[in-house]
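Fold and contact review
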Amino acid sequence: MSDAFYVTTPIYYVNDKPHIGHAYTTVLADVIAGYHRRFGDPTWFLTGTDEHGQKVQKAADARGITPLQHADETVERYKELWKRLGIRNDDFIRTTEKRHTEIVQKILQDIYDRGLIYKAEYKGNYCVPCERFFTEKDLVDGNLCPDCRRPTTEITEYNYFFKMSQYQDWLIEYITSHPDFILPAFRANETLGFLKKPLGDLCISRPKSRLSWGIELPFDKDYVCYVWFDALINYISAIGYGTDPKRFSTWWPHAHHLIGKDILTTHTVYWPTMLKAIGIEPPHTILAHGWWLSGKDKMSKSAGNVVNPMDMADKYGVDAFRYFLISEMTLGQDAGFTEDAFVTRYNSDLANDLGNMLSRAVKLTIREFEGKVPKPGTPLTENEKVLLSKVSNAVDVMEKSIRELHPDKGIEEVISAVRATNKYMEQTAPWSLSKAGKKDYLATVLYTALECLRVVGGLLSPVMPEKMSVLLKSIGWKTEFTFKDLRSAGGLEPGSVITDPGQLFPRIQVEEKKAEPAKAAKPAKVESKKQAKDAKDQANLNVIVTIDEFFRSALKTATVLEAEPVEGTTKLMKLQLDVGGEKRQIVAGIAQYYKAEELPGRTIVIVSNLKPAVIRGIESNGMLLAAKAGDSLKLVTVDGGRFVSGASVG
Ligand code: MSP
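Residue positions are counted from 1 within each chain, in the order its sequence is given. Local features are withheld for residues below a pLDDT of 70 in this predicted model, meaning they are given only at 70 or higher, and side-chain atom pairs are given and counted only at 80 or more; totals for whole chains, interfaces and linings count all residues. Only hydrogens and water are set aside; all other atoms, that is, all heavy atoms of the structure, feed into the side-chain values.

**Description of the pairing of strand β5 (residues 117-127)**
The pairing of β5 with strand β7 (residues 153-162) spans 10 bridges and is antiparallel. Across the sheet, the residue bridging to Lys123 is Thr156, located in β7. Here, any two strands with at least 2 DSSP bridges between them count as paired. The numbering of helices and of strands both runs from the N terminus, where a helix is a DSSP run of H or I of at least 4 residues and a strand a run of E of at least 2. Pairing analysis gives three bridges linking β5 to strand β6 (residues 132-134), with the strands arranged antiparallel. Paired with Asn125 across the two strands is Phe134, which belongs to β6.

**Regarding helix α17 (residues 439-460)**
Multiplying 1.5 Å by the residue count of a helix minus one yields the expected span of that helix. Here α17 is 22 residues long and its end C-alpha atoms lie 31 Å apart, about the 32 Å a rise of 1.5 Å per residue gives. Under the scheme applied here, a residue whose accessible area is under 20% of the maximum for its type counts as buried, over 50% as exposed, and between as partly exposed, the area being computed with a 1.4 Å probe on protein chains only. By the criterion of burial, α17 is predominantly enclosed, with 19 of the 22 residues buried.

**Looking at the site of the ligand**
A single heavy atom is enough: if one lies within 4 Å of a molecule or strand, its residue is considered near that molecule or strand. Close to the ligand lie 23 residues; Ile11, Tyr13, Thr25, Asp50 and Trp292 are nearest. Two N or O atoms form a polar contact when they lie within 3.5 Å of each other; inside protein one atom must be a possible hydrogen donor and the other a possible acceptor, and for residues adjacent in sequence the pair counts only when both atoms belong to side chains. Tyr13 places a main-chain nitrogen or oxygen 3.0 Å from an oxygen atom of the ligand. Burial of the ligand by the surrounding chains reaches 95%, relative to a free accessible area of 670 Å². Elements that contribute at least two residues to the shell around the ligand include exactly β2 (12-13), α1 (20-39), α7 (227-232) and α8 (234-237). We call Asp, Glu, Lys and Arg charged. Ala, Val, Leu, Ile, Met, Phe, Trp, Tyr, Cys and Pro are nonpolar, and the rest, Gly among them, are polar. When grouped by side-chain class, the residues that make up the shell around the ligand number 11 nonpolar, nine polar and three charged. What sets the accessible areas is the Shrake-Rupley method with a 1.4 Å probe; for residues, cover comes only from the shown protein chains.

**A look at the packing of helix α13 (residues 339-369) against helix α15 (residues 407-428)**
Only the stretch in contact is used when fitting a helix axis, every axis being a line fitted to C-alpha atoms; angles between N-to-C directions are given from 0 to 180 degrees. Two numbers describe how α13 lies on α15: the axes approach to 10 Å, and their chain directions differ by 45°. When the axis of α13 is compared with that of α15, the two are oblique. The two elements α13 and α15 meet at a crossing, and its hand is left-handed. For the pair formed by α13 and α15, the contact residues are Ser348, Asp349, Asn352, Asp353, Leu354, Asn356, Met357, Arg360 and Ala361 on the first element and Ile415, Val418, Arg419, Thr421, Asn422, Met425 and Glu426 on the second. Residues that form the contact of α13 with α15 fall into these classes: six nonpolar, five polar and five charged. With respect to orientation, any angle under 35 degrees is reported as roughly parallel, any angle over 145 as roughly antiparallel, any angle of 65 to 115 as roughly perpendicular, and every other angle as oblique. Should the near helix be turned anticlockwise from the far one by less than a right angle, the crossing is termed left-handed; should it be turned clockwise, right-handed. Working rule for contacts: check all heavy atoms of both residues, and any pair within 4.5 Å makes them a contact.

**Comments concerning a positive patch on the surface**
A surface patch of positive charge is lined by Lys17, Lys55, Arg77 and Lys301. In this fold, Lys17 is placed in the loop between β2 and α1. Note on patches: the residues involved have over 30% relative accessible area and no salt bridge, like charges join within 9 Å, and the nonpolar side chains Val, Leu, Ile, Met, Phe, Trp and Tyr join within 5 Å. Only one rule defines a salt bridge in this text: a Lys or Arg side-chain nitrogen within 4 Å of an Asp or Glu carboxyl oxygen. In this charge count, Lys and Arg are treated as positive and Asp and Glu as negative; neither His nor the chain ends contribute. All charge positions are set by atom: Lys at NZ, Arg at CZ, Asp at CG, Glu at CD.

**Here we look at the pattern of salt bridges**
In the structure shown here, the tally under the stated rule is 33 salt bridges. Residue Arg94 pairs with Glu51 through a salt bridge whose shortest N-O separation is 2.6 Å. Of this pair, Arg94 sits in strand β4 (residues 91-94) while Glu51 sits in the loop between β3 (43-50) and α2 (54-63), and the two are 43 residues apart along the sequence. Neither Arg94 nor Glu51 differs from the other in exposure class; each is buried. Glu413 is the partner of Lys390 in a salt bridge, and the nearest nitrogen-oxygen pair spans 3.7 Å. Pair noted here: Lys390 is in helix α14 (residues 382-403) and Glu413 is in helix α15, with a separation of 23 residues, a long-range link. Through salt bridges with shared partners, a single ionic network connects Asp41, Asp396, Glu399, Arg403 and Arg487.

**Brief notes about the environment of Thr479**
Note that Thr479 resides in the loop between α18 (465-474) and α19 (483-487). Sequence-wise, Thr479 and Pro465 are 14 residues apart; in three dimensions their C-alpha atoms are separated by 9.4 Å. Discounting residues that sit within four places of it in the chain, Thr479 has contacts with Arg38, Ser469 and Lys473.

**Topic: the sheet that holds strand β16 (residues 297-298)**
Strand order across the open sheet formed by three strands is β16-β15-β17, with mixed pairing between neighbours. Bordering the open sheet on either side are β16 and β17 (335-337), each of which pairs with just one other strand. Both strand β15 (residues 292-294) and β16 contribute to a ladder of two bridges, which runs antiparallel. Looking at the pairing, Ser294 lines up with Asp297 of β16.

Read these as spatial facts, not as claims about activity.
Next comes the structure, spelled out in C-alpha cells:
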C-alpha cells in the first residue's frame, strides 16, 4: 500500500479543438488519480500540450501571428475544458516552456556526446503544399500525395538520426519479461509484431529552412528537433529530470502513461529506446485505450460527427458525462458514443438505481426518525450481513480494478451493490414496518441502507466528485475520507443529520430529448459546415431558454464609426464601433452584403460580452446581429437609424 503513483495523459496538439477522445483520456487519468489519492498513495497527475511542429506553424502563419501567440491562445481551450470537467491535474506542461526546452536540449546533447546521433542523407518523396515526406508505399497512383493528391518530388536533405536500431533486441526482451509494461497484453503483442521487422534509426531533426518552429538542436543551429522526440520528453522534464533528482526518483519508477491506441509505437518503441540511451528505466506501464466512435463510425471533422465534450457537459452535467465515459468504455476496446446509449445508461444506473436508493432511504429516515441516522435496533440478520458483505466486497473489487487500470470493472461491481441494496429495500419493505409495529427492525434496515449508501457514495466519488459530495453530505457523512474509512463497517454515526438533496439524477425523458439540439453524437448525416449550422439553427428553434439564460448575452446598441473589408477575404469586414463611449473593433462576415461606405453612422446591435476572438489575425470583440434569409442578409439596426450607442437591448 501507499506506493507512489504517477499518471500522465498524452500532451495534446495545441491547435486541435478538444473533443471527446481528448476528454476521455484526461477524465480517465483524473479518475484513476482520484482513486489513488483515496487509497492514500502519494499521487502526481500530469497533462499538457504539444506545441511545436508544422501544423502549429502553418496555423499561425495563416493567422499572421507567431506560433507562440497562436499556442498561447489555443492552449486555453484545453485549460478551460479541464476546468469545466473538474480535472484535478497537479501540473500542466507546455512544450514551449523553458523547463521543457532546456531538458530536451540537454538530452539531445547527452545522446550526441555518447555517439548515438549521426548525420546522414535523408531521401524521400516530399509534398510541397502539405510540407510532408511520404514513403513509397504511402503514395497513391505512382507518386501522388495521399493527402492532397498532388505530385510529390523526390528530395534529398541531410538530417540527424538517433541510433534506435541498436536497441531492438533489448526492447523485445524487455517487453517479453515485463508483462505490465504494455497493457492490454494484446497491445504488447502488437508492438512485438512491429519489432519483428528490422527497426530503423529515428530521424530526429528537421532543417530550419523547411520548419523553424521547434527546439533548436544544441549541436547544429540549422536544425530543430523532430516534434515527437521533443514531446515524449515532457513526461520526465515535468518531474525534475536533470534539475531535481530527488523529485524525479520519487515519481518516475511509478509512471503510468495513458494513451490512445493511435500513438502506441511512439510510446512503446521510440520512448523506451530514448530512455535507454540516457540510462533511464522505461515507465512502469503504458496503457493504450481504444477509440471512441460516433455510433459505429470513425469520428472526423469532415463527417461532422465529432462529439464536443463541452456540449455534453452542458447538456447532461459534468458528473453524468464523466460517469458515462468511464463506465461505457471497456478499457482497451473501442466504444461507440450515441446520445441514446448515454440516456439509457444514465436513466438506468444513475436515475433509477442510485437516485432511487438515495431518495427512498433519505425520505424514510426523515419521516420515521426525524431526519437523524437511526441506531440499529435489532441484531443483524443474514439479510443485512449478506448485503453489507457485498458492498464491502465492492471496495476490494474497486481497489483491485483501479490498480489493474480497469475502472469500468470496479464501477460495474458498485452498481451491482446498489441494485442489491434496492432489492434489499424491496424485500424488507421498510415503508410498511412502522405501521406493523416493527420500528426497531426499521431502524436496522434504514441504518443498513444508509451505510451502503455511504460506501457506494465514497466508491463513486472519484468519478462523480460533485454529485457524490452532495450524496455524502445528505446522509450526514464527511467528504474527506480514504478507502480505509470505506472498509470499516459502521462508519455512519447514529444521530447524524440527514437532509433531502432532492433528485440527484433527474430522469431524462426520452420525448424531451428528441426535441433537443446537439445531435453531434449521432452518426453524421451532415455533409458540410453550412448544413451542420442550418441543422443546428433548426434544432435550436425547438429549445426553450429561460429569461436568465437569454440575459446572459449582453445585447447593446453600437454606432459604426469606420468599416473596411479585410484584405485577402471576400466575406469579412472590420468595423470600428462606439459602444456608449467605449471604442470596439469587431470582424463580421458581412462584406458580401454591405459596402464599407454604407456602414458608418448606423446604429447596430451587438452581443457585447462575447469572448474576444482573433479572426484572420484581427481581434474581434463582440458579434453583430443580422438576419439572414437565403442569399440576403440585413443588419439588425435600431429603428430610425440614429440612436444612442451603448444602450441595453432586450
Ligand atoms: N501530441 C500527440 C501526443 C504526444 S504525447 C507525448 C498527439 N496529440 S493528439 O492531440 O492527437 O491527442 C492524441 C490522443 O487523444 C490520443 O492518444 C487519445 O488519447 C486521444 N484521442 C484522440 N481521438 C480519440 C478518439 N476518437 N477516441 C479516444 N481517444 C482519442 O497525438
